[in-house]
Amino acid sequence: DISGTNVNSQGAHTTQEDETLGEEQLAEHATPSPWQRSTVSAIPNGFRILGSREIKALSGSSLGKKISHMLEFKGCDELKRGSPLSVVLRRGASVFATSSGSEATYALSQQVERIGAFVSHNWVTSAWLKFMALTLHFNFGAAFVLSVLLLLLLGTASAFGALPKIYDAVHKEDVGFLCQVLCIPCFLFTLLFLRDVEHVFLPSRETLFLDVLCIDQTSADTKRKGIDKLGAFVRHSDTMIILHTDIYLRKLWTVYEIATFLALHPLENLVVLPVFRARVFYCMTVACWMGFNFHAGWGSVSIDTTLCGEVRFKRWAYTGAFVLAMACYFRIWALAKKQMNHSLTAFSVMNCICACETDRTAVEDAIADIMQAAQMVKRSSSKKQALKGFDSLVSRGLPEVFDRVIGKLTFAYEQLAILGILLYGADAADKLATKSPNKLLVLSIVMKCTWRGLFQFPLSLAFLEICVSCALPEKWVLFQSRWSRLWSTRLWNGCVVFLAALLITGFFVWDDHLLDDCLTVPNDIMVLGFLNLTGPLMLHYVFQGMFGQGLKIWLGGIFRGQRQHVHTLPTLRRIDSE
């Protein structure tokens, strides 16, 4: 349908009756898809997977020829190229600075047998945000290992008196300080610059597809050949990494990329990286490091012992400011996810933005062909019918897909636990560098580090997000005036954020006061033993989603004046039956 006329895959012109085909009739024509699986454990997938067998079964037909040309590299294997991960992420991912390619950028890719990951993104998004999201995804494990090794090295050296110490007025003794000063900077440095170092010594074996590097843009002809094989690049990629922003699903090319991927791969291979989340993680890490250093380390130097209460109050005030900032972010992110679900519900491929309008027809034709090949609509249906079927599929199924892929909580437990280990582990290592620590004191410090790093810090932020994600403004804002609705919504959001931050700050203060002031060795060891034993149980219920979802629905029922039962994640079969 390159000419723009309404001709279906069999060559027949469509009629006005065909163009007005409703969603109910489209559903009858479509083959039942894995969206409608009733098992909760099954991850939904909007398309029937198009494997080699299905593509081969289409051979001989006009649709089969188009699909084969779109998804295979037959006769043009030189186009199948990928770039090493170290090339993409070096120099602050400078390759994301501009979308215009050249011979120099094309030389940064090479012919490969298989592509590790297909990077799907929008060029209007800041290159620095993309860089932070990708480094957090690819470099996190290596950064943790190197930081822990440095922590162990510095902690051991400090315990044997090989490193300088400072006087801590709060604890009234000489303690180490280099673990707190150096571990988090090492962690951040490895996150940001690991691939620069790797590129100097040994290029990464993992390859990525990035359009500006892997498509020859030196001429219009070679550029068109590469763009025509975009579906083949998706098919020969093991995973797809989506650098998600609020405009991702409003761009036609990215919609085509995710449609092709869902038709060719299971949903387990889809990775969604909200770029805003990575920026918040970096800011949260820096804020925690500054707080620990200022109040627990050299912020206590030369302070008279009579001022210890003032020092502790300042530390609690800093904790409250940090929790309030995180509560604001969690509230904004909850509202953004709600808005994203509303946008997906009203999705229409015809309303998507295309930077070059001359490409719109070709992209819409490709989406229609995929819908027909995957038997989501009848293969004899028109282009308009196929696009309407795609709209219905996205609006009914993609919200659940993104909800599961992104997750109920912003940060995974592993991210929060590793950050907690580095923060509280460094604090414990510095405290152990005393003149004569006894065995019970060492055990108490280690158990405090375990409780606060592995359990208290992740659980506190998880509970904070659960609380601020409840009672989002909906139809109960009944003011007719736009000004009244706006300010009443802002006031409500501010109250929810403040109360949740006050609750979690109170928990931090209570924990600090109880374990550091009220209880002494060995009484604190018994309390810490109980907390560390119950910690895994709390983690299971919070980060597995059952307790967090149940608490959110229960609180939401209170604010709406009605009780709601706790269900597992909804499936489309239940929605369709209702």
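Preceding block: the structure.
Residues numbered from 1 in each chain as written. Predicted model: local features only at pLDDT ≥ 70, side-chain atom pairs only at ≥ 80, totals over all residues. Heavy atoms only, no water.

A. Structural context of the overall build of the protein. Along the protein, the regular secondary structure elements total 23 helices and eight strands. The 578 residues of the protein split such that 51% are buried. Total accessible area computed for the protein in this model is approximately 27,500 Å², and 62% of it derives from carbon and sulfur atoms. (Helix = DSSP H or I, 4+ residues; strand = E, 2+ residues; numbered from the N terminus. Buried < 20%, exposed > 50% of the residue type's maximum accessible area, 1.4 Å probe, protein only. Areas by Shrake-Rupley, 256 points an atom, 1.4 Å probe, with all protein chains shown as cover.)

B. Local environment of the packing of helix α5 (residues 85–93) against helix α9 (residues 178–201). At a minimum axis distance of 7 Å, the contact between α5 and α9 shows a crossing angle of 125 degrees. As the angle between them shows, α5 and α9 are arranged oblique. By crossing handedness, the relation of α5 to α9 is classed as left-handed. From α5, L85, S86, V87, L89, R90 and R91 reach across to α9, where they touch R195, D196, E198 and H199. Grouping the constituent residues of the contact of α5 with α9 by class yields three nonpolar, two polar and five charged. (Axes fitted to C-alpha atoms, helices over the stretch in contact; angles between N-to-C directions. Parallel < 35°, antiparallel > 145°, perpendicular 65-115°, else oblique. Left-handed = near helix turned anticlockwise from the far one by under 90°. Contact = heavy atoms within 4.5 Å. Nonpolar A, V, L, I, M, F, W, Y, C, P; charged D, E, K, R; others polar.)

C. Geometry of helix α17 (residues 383–406). Along its length, α17 reaches its greatest deviation from straightness, about 45 degrees, at G397, and the proline P399 lies no more than four positions downstream. Counted residue by residue, α17 has 19 buried out of 24 residues, so it is predominantly covered. (Bend = angle between axes of the 7 residues up to and from the residue.)

D. Quick look at the pairing of strand β7 (residues 237–244). Most of β7 sits inside the fold, with six of its eight residues counted as buried. The pairing of strand β3 (residues 115–120) with β7 spans five bridges and is classified as parallel. Counted as the bridge partner of I115 is S237 from β7. Viewed along the sheet, the connection from β7 through helix α13 (residues 252–264) into strand β8 (residues 270–274) turns out right-handed. (Pairing = 2+ DSSP bridges. Right-handed = clockwise from strand over helix to strand, strands pointing away.)

E. Geometry of unusual backbone geometry. A cis amide bond links V521 with the next residue in sequence, P522, at an omega value of 10 degrees. As for its placement among the helices and strands, P522 is situated in the loop between α20 (482–518) and α21 (523–543). Even without a glycine there, the phi angle at R91 is positive, about 55 degrees. Its location among the elements puts R91 in helix α5. On the basis of relative accessibility, which here comes to 60%, the residue R91 falls in the exposed class. Even without being a glycine, A93 presents a positive backbone phi close to 55 degrees. Tracing the sequence through the fold places A93 in helix α5.

F. Quick look at the packing of aromatic side chains. Using the criterion set out here, one finds 21 aromatic pairs in the structure. Between F189 and F193, the ring centres sit 5.1 Å apart and the planes meet at 45 degrees, which makes this aromatic pair tilted. Of this pair, F189 and F193 both sit in helix α9, four residues apart, which is roughly one turn of the helix. Plain terms: the ring middles of F276 and Y329 are 5.2 Å apart, the flat faces sit at 55 degrees to each other, and that makes the pair tilted. Taken together, the positions of F276 in helix α14 (residues 275–296) and Y329 in helix α15 (residues 308–345) put the pair 53 residues apart, joining distant regions of the chain. Residue classification places Y329 among the buried positions, given a relative accessible area of 5%. An aromatic cluster is defined as three or more aromatic residues linked by ring pairs; in this entry it consists of F140, F187, F276, F281, Y282, Y329, F330 and F411. The lysine or arginine in question, R81, covers the ring of Y106, its NZ or CZ lying 4.2 Å from the ring centre. (Phe/Tyr/Trp six-rings, centres within 6.5 Å; stacked < 30°, edge-to-face > 60°. Lys NZ or Arg CZ within 6 Å of the ring centre and 35° of its normal.)

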